[in-house]
Amino acid sequence: MAGIDVAKSRRNQRINTAVIVVILCSVSIAVLWPIVHVIAAAFTPGRSIASMPVVPFSQGFTLDHFHHLFTSTNYLVWFRNTFVIATATTAGTLVLASLGAYVFSRFTFTFKKSFMMSMLVLNVFPSFVGMVAIFVILLRIGGLDTLWGLVLVYLAGNLPFTTWMVKSYMDNVPRELDEAARIDGATSFRIWARIVVPVCKPILVFLGVTSFVMPWMDFIFPRMVLRSPQNQTIALGLFSFVTDRNNFFTYFAAGSILVAIPFIMFFVLTQKMLVSSLAGAAVKG
Amino acid sequence: MSTLVAARLGGSAVSPPPAREQLVDPRRVRTLSLLFMGLAHVTVLRERVKGIAFMLVELVFLVTLPTTVRLIGGLVTLGEAQPHLPIRERPNSLFMMIDGVMVLTVVAIFAAAYAISVKSASKAAREINTRGFPSEKHKRFSAVADRAFPIIGLTPTFILIAFFVVVPLVFSALVAFTNYAAPANIPPANTVDWVGFDNFVRLFGGDNLWGGAVARVFVWTLVWAFLATATTYVGGMLMAVVLKNSKLRITPLFRAIFILPYAIPGVVSLLVWRNMLNGAFGTFNRTLAALGITDAAIPWLTDPNLARFTMVMINLWVGFPYFMLLVTGTMTSIPAETIEAAKVDGASDWQVFRRIQLPQIVFQTMPLVIMSFAHNINNFGAVFFLTGGGPNLPDTTTTSAGATDLMVSWIFNLTVNLQQYHNASVLAIMIFLVIAPFAIYNFRRTKSFKEGEL
């Protein structure tokens, strides 16, 4: 009797494993299929999606598209612009959010509650609802068609949420830590720079990554703010390759690979950290 | 803690107070501070630096008062149409509106500063009467500057949010009550006028074409948000559980593969899919034909209902890794002993999942699921890059709302292509009313709220 049970459970186990393998493989195919085609397109002669072979890599190999990107398009300029915007946005967000969060977490002052409350409410609005007004305000202060104008827009959009996030984190940091420094005579600024920022490093790293990633994918604000060709970003540039009028899918593929690879490497390498920070966000309030 | 803060913010106890004697008269302080910002600080409270700063604020406000009044007047009238003037000299209603809103913001900030100055004066008066005047050390510029740290630290954030978030939002809410739209009311050639609730009336029933489009897009937005969230959540959870239970040696490889869609910028993956799924020459249909599965081209993105289905499916492709990572993280936080105990008691894998893991996962991830629902209501990229809002429907020529358009992408079309700013604003207000409850929910579960700090 027992022997049959063991045999049965072993067979069950094997069926289980087989089912799991089938599921994993079919999902992998679904995930990889477009990615493989894009990689293939980047190295395949021809231009539009219509000329792409059904079987990837079956129509020869060329590096022309990358060559074209660097010599005949503004790809490097787009890349530099996006990088500048992302870096400035990240730096600004980290400094202002940690400063603001420190003030909110440790000081009491008039209108504190109403200010915090309105920051939460502001989060609700889709950010580009105020597009027209932002356009006019930038026009007035000379920020239209400049990278810093776009950085200001991103910064303002980031701050309500990020300040709240750092504040909730900081509330869990013992106050004795900075009060001890205060008794020793440290100024508020010094406490912020030397104690608060180092202690809040985990959340600041997380915010740094998210605010650096955001400008690479955003489309609406660059399209509204940046007009001249030398001020475009990667997203605008890639989009211009595959509009309805001109379909240069191979250039698009080559350009996409160059942006996506650093991202992919980063995400795959940090997946452990991702898992824990996402789970942390779920559990924490 | 509280005494420390009070001591820091309000000057500190140095000399013991003279017995029961009032050093300053609180009523006099109150009157002086109400009379002119900072007056009480400079005269009786001996806080010269602070007082002069306050006085400067009021002086600047008084000097600019005529401009302020003129700009607010502009907001009220929005300018008279003056067709005889060359376009460049005509009154620009758009600028008048935005300037008006900005000036109102400045006035509000000034009012807040006034309230703060009065409060701080009364507080200082109380402090002085209980503890005597603060020592010279605390009145030095550096000490005052350190006490002003909250103001200095928050000012950049405050200004940015005020002018790049609040002003634009107030402006766009106001536009819903004007006739700011092409072709008749686009500044600088023409002026814009206040029209009250006309736009709301037209969009919610007055006009069948527009009313129908609003209802259709609104319903699709909600259906989409539900389907998009549900599919990615279930799909992500499924993959997390399968990966967790598989004892294969190459499981980490699969996990790395499944993260790929999360790691690829959305612009890229959605534009790739758009090209792959092109009905006529897309790789997907040609692959199906080569495999002999279909003869005719399948209109993935050009048949209204099929396009909606495709959109949900591609969103599943893009979105399941997020929930997979999330659920994986949540599952690792469930104590292993609980699961061991259940297994010892004879529970099957399925029972363990159903009775122990699932409730935990759902409980812990629900807030983020709700946020994801709110995010999907505003998921501009999923529409814009994949379908561009298309395919067209009968009313699309007038309303510009395609079959897969969500409220957000419709607002974008109305603003950028049709210049129907007034209608776009009404829709934005609608979105706000839908999403606000989610924000409130999210707010109520924050720690500060629960601990009664707010």
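Computed from a predicted model, the values in this text were never measured in an experiment.

## Thoughts on the domain arrangement of chain A
Argument step 1. For chain A, the assigned domains read domain 1 (2-65) and domain 2 (73-240).
Argument step 2. Here domain 1 of chain A and domain 2 of chain A have C-alpha centroids that lie 40 Å from each other.

## Description of the pattern of salt bridges
Residue and element names in this part refer to chain B.
Argument step 1. This structure, assessed with the given rule, holds five salt bridges over all chains.
Argument step 2. One salt bridge connects Glu127 with Arg131, and the closest N-O pair in it is separated by 2.7 Å. Linking Glu127 with Arg131, this pair stays in helix H6 (residues 93-131), spanning four residues, or about one helical turn.
Argument step 3. Accessibility expressed as a relative area gives 15% for Glu127, which makes it buried.
Argument step 4. For Arg131, a relative accessible area of 28% puts it in the partly exposed group.

## A look at the packing of aromatic side chains
Argument step 1. As enumerated under the stated definition, the model contains 51 aromatic pairs over all chains in all.
Argument step 2. When the ring of Phe70 of chain A is compared with that of Tyr75 of chain A, the centres are 6.2 Å apart and the planes differ by 80°; the resulting orientation is edge-to-face.
Argument step 3. Both rings, one in Tyr180 of chain B and one in Tyr421 of chain B, keep their centres 4.2 Å apart while their planes meet at 20°; by these two values the pair is stacked. Residue Tyr180 of chain B is found in the loop between helix H8 (149-175) and helix H9 (198-206), and its partner Tyr421 of chain B is found in helix H20 (residues 421-444); the two are separated by 241 residues along the sequence.
Argument step 4. Residue Tyr421 of chain B is classed as buried on the basis of its relative accessible area of 12%.
Argument step 5. Aromatic rings pair up to connect Phe70, Tyr75, Trp78, Phe79, Phe83, Phe212, Trp216, Phe241, Phe248, Tyr251 and Phe263 of chain A into one cluster.
Argument step 6. Lying across the ring of Phe95 of chain B, Arg140 of chain A places its NZ or CZ 4.2 Å from the centre.
Argument step 7. The side chain of Arg308 of chain B reaches across the aromatic face of Trp220 of chain B, ending 5.6 Å from its centre.

## Concerning the UniProt feature "transmembrane region" (unreviewed entry) in chain A
Residue and element names in this part refer to chain A.
Argument step 1. Under the UniProt annotation, "transmembrane region" (unreviewed entry) lies at residues 18-43, 83-104, 116-141, 147-170, 191-217 and 248-269.
Argument step 2. The span residues 147-170 shows a helical share of 100% and a strand share of 0%, and its end C-alpha atoms are spaced 32 Å apart.
Argument step 3. Between the C-alpha atoms that bound residues 191-217 the distance is 36 Å, and the span itself is 96% helix and 0% strand.

## So, the packing of helix H5 (residues 65-77) of chain B against H6 of chain B
All names here are of chain B.
Argument step 1. With their axes 8 Å apart at the nearest point, H5 and H6 run at an angle of 130° to one another. Between H5 and H6, the angle is such that the two are oblique. Crossing angle aside, the handedness with which H5 passes H6 is left-handed. Together, Thr68, Leu71, Ile72, Gly74 and Leu75 of H5 and Met96, Met97, Asp99, Gly100, Val101, Val103, Leu104 and Val107 of H6 make up the contact between the two elements.

## Some points on the confidence of the model for chain A
Argument step 1. Here chain A shows a mean pLDDT of 85. Residues at 70 or above account for 95%.
Argument step 2. Considering each helix and strand of chain A separately, the mean pLDDT is smallest for helix H13 (residues 271-283) of chain A, with a value of 69, and largest for helix H3 (residues 75-106) of chain A, with 93.

## Digging into the confidence of the model for chain B
Residues and elements named next belong to chain B.
Argument step 1. Per-residue confidence for chain B gives a mean pLDDT of 84, with 92% of residues at or over 70.
Argument step 2. This model gives residues 1-13 a pLDDT under 50, and the stretch forms 24 contacts once residues within four places in sequence are excluded.
Argument step 3. Per the prediction output, this complex has pTM 0.85; the corresponding ipTM is 0.86.

## A short note on the packing of H3 of chain A against helix H11 (residues 234-241) of chain A
Residues and elements named next belong to chain A.
Argument step 1. Between H3 and H11, the shortest axis-to-axis distance is 8 Å and the interhelical angle comes to 145°. Mapping the contact onto sequence places Tyr75, Trp78, Phe79 and Thr82 in H3 and Ile234, Gly237, Leu238, Ser240 and Phe241 in H11.
Argument step 2. Here the contact of H3 with H11 is built from residues that sort into six nonpolar, three polar and no charged.

## Regarding unusual backbone geometry
What you tend to see is this: most non-glycine residues have negative phi, and most peptide bonds are trans.
Argument step 1. Of the consecutive residues Ala182 of chain B and Pro183 of chain B, the connecting peptide bond is found in the cis state with omega at 0°.
Argument step 2. You can see Pro183 of chain B is positioned in the loop between H8 and H9.
Argument step 3. A positive phi angle is found at Phe111 of chain A, which is not glycine, with a value near 70°.
Argument step 4. Positionally, Phe111 of chain A belongs in the loop between H3 and helix H4 (112-122).
Argument step 5. The backbone of Leu78 of chain B sits at a positive phi, close to 60°, despite the residue not being glycine.
Argument step 6. Secondary-structure assignment places Leu78 of chain B in the loop between H5 and H6.
Argument step 7. Under the relative-accessibility criterion, Leu78 of chain B is labelled buried at 0%.

## Considering the interface of chain B and chain A
Argument step 1. Listed as interface residues are 101 residues of chain B and, on the opposing side, 102 residues of chain A.
Argument step 2. When the two sides are added together, the surface that chain B and chain A hide from each other amounts to roughly 9300 Å², 81% of it contributed by carbon and sulfur.
Argument step 3. Considering only the side of chain B, the residues that lose the most area to chain A are Phe149, Leu154 and Phe164 of chain B, jointly responsible for 8% of the buried surface there.
Argument step 4. One can count one salt bridge joining chain B with chain A.
Argument step 5. Note that Asp99 of chain B and Arg140 of chain A form a salt bridge whose closest N and O atoms lie 2.8 Å from each other.
Argument step 6. For the pair chain B and chain A, the interface holds five residue pairs in polar contact (both at pLDDT 80 or more).
Argument step 7. Broken down by element, the residue count for the side of chain B that touches chain A peaks at 18 residues, all from H8 of chain B.
Argument step 8. Looking at the side of chain B that touches chain A, its residues break down into 74 nonpolar, 17 polar and 10 charged.

Thresholds applied
- Residues numbered from 1 in each chain as written.
- Chains lettered and ligands numbered in written order.
- Predicted model: local features only at pLDDT ≥ 70, side-chain atom pairs only at ≥ 80, totals over all residues.
- Heavy atoms only, no water.
- Domains from an automatic or database assignment.
- Salt bridge = Lys/Arg side-chain N within 4 Å of Asp/Glu carboxyl O.
- Helix = DSSP H or I, 4+ residues; strand = E, 2+ residues; numbered from the N terminus.
- Buried < 20%, exposed > 50% of the residue type's maximum accessible area, 1.4 Å probe, protein only.
- Phe/Tyr/Trp six-rings, centres within 6.5 Å; stacked < 30°, edge-to-face > 60°.
- Lys NZ or Arg CZ within 6 Å of the ring centre and 35° of its normal.
- UniProt positions renumbered as here; feature names shortened; annotations may be inferred.
- Axes fitted to C-alpha atoms, helices over the stretch in contact; angles between N-to-C directions.
- Parallel < 35°, antiparallel > 145°, perpendicular 65-115°, else oblique.
- Left-handed = near helix turned anticlockwise from the far one by under 90°.
- Contact = heavy atoms within 4.5 Å.
- pLDDT = per-residue confidence, 0-100.
- Nonpolar A, V, L, I, M, F, W, Y, C, P; charged D, E, K, R; others polar.
- Buried area = accessible area lost by both parts, 1.4 Å probe.
- Polar contact = N/O pair within 3.5 Å; in protein donor to acceptor, adjacent residues only side chain to side chain.

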